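# Residue-level structural notes
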Amino acid sequence: MFSLVNLLWLVLLGTAALYLWRSGQFKGRARELSLNQCRQLDLQLLDDSMVITGLWPVRSAGGSLVFRRRYRFEFASIGDRRYQGEVVIIGMRLVHIELETYKLPSDE
């Protein structure tokens, strides 16, 4: 028979599993947006790594509670130096992408 403590642990475990499953979807969306931005600017997304650097609860336009996520990634313009970029999403919607100032191939 379940006690209240066992039920609480089950709910916490389920919530943690749901968070991990959903966070992979958000990370994939951030990667997709970053990759598209890099392709448009003729840059190379490095390591296919997205590192979450922020997670904040905010209200959406509809008034519901969603999370604002900030991810950091690395890219290269000519292959010899790494630059950092940042993508911010609310839910699955892009808020902005910011790229560090980088050297263009013709600036040599």
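Residues numbered from 1 in each chain as written. Predicted model: local features only at pLDDT ≥ 70, side-chain atom pairs only at ≥ 80, totals over all residues. Heavy atoms only, no water.

## Things to note about the overall build of the protein
- Per the secondary structure count, the protein includes one helix and four strands.
- Moving toward the C terminus, one meets the helices and strands of the protein in the order α-β-β-β-β.
- The C-alpha atoms of the protein give 18 Å as radius of gyration, which overshoots the globular expectation for 108 residues (13 Å, by more than 25%).
- Each principal axis of the C-alpha distribution contributes one length, and for the protein these read about 70 × 30 × 15 Å.
- The 108 residues of the protein split such that 24% are buried.
- Counting only contacts in the protein whose residues sit at least 6 apart along the sequence, the fraction spanning at least 24 positions is 39%.
- For the protein, the exposed area adds up to about 7600 Å²; of that, 58% sits on carbon and sulfur atoms.
- Of the side chains in the protein, 14 bear a positive and 11 a negative charge, and the two mean positions are spaced by 12 Å. (Helix = DSSP H or I, 4+ residues; strand = E, 2+ residues; numbered from the N terminus. Rg over C-alpha atoms; globule rule 2.2 N^0.38 Å. Buried < 20%, exposed > 50% of the residue type's maximum accessible area, 1.4 Å probe, protein only. Contact = heavy atoms within 4.5 Å. Areas by Shrake-Rupley, 256 points an atom, 1.4 Å probe, with all protein chains shown as cover. Lys, Arg positive; Asp, Glu negative; His and termini not counted. Charge placed at Lys NZ, Arg CZ, Asp CG, Glu CD.)

## Overview of a nonpolar patch on the surface
- Together, F2, L4, L7, L10 and V11 give the surface a local cluster of nonpolar side chains, amounting to about 560 Å² of exposed area.
- With respect to the helices and strands, F2 occurs in the segment before α1 (4-40). (Patch = residues over 30% accessible without salt bridge, like charges linked within 9 Å, V, L, I, M, F, W, Y side chains within 5 Å. Salt bridge = Lys/Arg side-chain N within 4 Å of Asp/Glu carboxyl O.)

## Quick look at the nonpolar core
- Ranked by size, the top nonpolar core spans 14 residues in total, and within it C38, M50, Y71, F73, F75, V87 and I89 carry the most contacts.
- Contributing elements (two or more residues each) for this core: α1, β1 (44-59), β2 (65-76) and β3 (83-90).
- Sorting elements by how many residues they give to this core places α1 first, with five residues. (Core = buried A, V, L, I, M, F, W, Y, C linked by side-chain atoms within 4.5 Å.)

## Things to note about the pattern of salt bridges
- Tallied over the entire structure, the rule returns five salt bridges.
- With a closest N to O distance of 2.5 Å, R82 and E74 form a salt bridge.
- Residue E74 is classed as partly exposed on the basis of its relative accessible area of 23%.
- Taken together, the shared-partner salt bridges connect D47, E74 and R82 into one network.

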